Amino acid sequence: MRINYKFIVMVIISLLVGMLITWIDTRPNWDDTGITAGMIVLTSALFGYLYPTRPWVWALTVSGWIPAHYIVTQGNYTMLLVLLFGFAGAFLGAAIRNNKPQP
């Protein structure tokens, strides 16, 4: 079995970016849901474009931190809706990459 180091490195980077987005979102003076959602969509789309074979991984690694934080700290399960933005971005990025005309 071959180890895909590119995939492992990208998972680690996407986890760190997701944690950074969550850290920004949980700051006391941060109250801009639109920018947070945009960051999740764009970041997930970028990872989906760079590695389109597993877009669900990018959706979960980038956008999974915000629901996890709010479920643990506040018991707020409605934050699971944030995952929709991650999935939309990741699958959009993968679709753009897969539909790109080949030279």
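Structure's up top.
Below: a short report on this structure.

Another point: the packing of aromatic side chains. What the rule picks out here adds up to five aromatic pairs. Ring centres of F7 and Y51 lie 5.2 Å apart, and the angle between their planes is 45 degrees; on these two criteria the pair is classed as tilted. Highlighted residues: F7 in helix α1 (residues 5-25) and Y51 in the loop between α2 (33-50) and α3 (55-63), separated in sequence by 44 residues. With respect to class, F7 is no different from Y51; both count as buried. Considering the side-chain rings of F47 and W58, the 5.5 Å spacing of their centres and the 25 degrees angle between planes classify their relative orientation as stacked. Of the two residues, F47 sits in helix α2 while W58 sits in helix α3, which places them 11 residues apart along the sequence. Of the two residues, F47 and W58, neither departs from the other in class, the shared state being buried. Among the aromatic side chains, those forming a connected cluster through ring pairs are F7, F47, Y51 and W58. A cation sits over an aromatic face here: R54 above F7, 4.6 Å from the ring centre. Its end group placed over the ring of Y49, R97 keeps NZ or CZ at 5.3 Å from the ring centre.

Right, let's talk about helix α5 (residues 82-98) for a bit. Its 17 residues give α5 an end-to-end C-alpha distance of 25 Å, which sits within 8% of 24 Å, the value for a rise of 1.5 Å per residue. For α5, the complete set of buried residues consists of V82, L83, G86, G89, A90, G93 and A94. Along the long axis of α5, the arc covered by the buried residues comes to 135 degrees, so they all point the same way. Residues of α5 that are exposed and angled more than 90 degrees away from the buried face: L84 and N98. On its buried side, α5 packs onto α2, α3 and α4 (65-74).

The buried fraction of α3 is high, at seven of nine residues. Those residues of α3 lying buried are P55, V57, W58, A59, T61, V62 and S63. For α3, the secondary structure elements touched by its buried residues are α1, α2, α4 and α5.

Criteria and thresholds
Residues numbered from 1 in each chain as written. Predicted model: local features only at pLDDT ≥ 70, side-chain atom pairs only at ≥ 80, totals over all residues. Heavy atoms only, no water. Phe/Tyr/Trp six-rings, centres within 6.5 Å; stacked < 30°, edge-to-face > 60°. Helix = DSSP H or I, 4+ residues; strand = E, 2+ residues; numbered from the N terminus. Buried < 20%, exposed > 50% of the residue type's maximum accessible area, 1.4 Å probe, protein only. Lys NZ or Arg CZ within 6 Å of the ring centre and 35° of its normal. Expected span 1.5 Å × (residues − 1). Arc of directions from axis to C-beta. Contact = heavy atoms within 4.5 Å.

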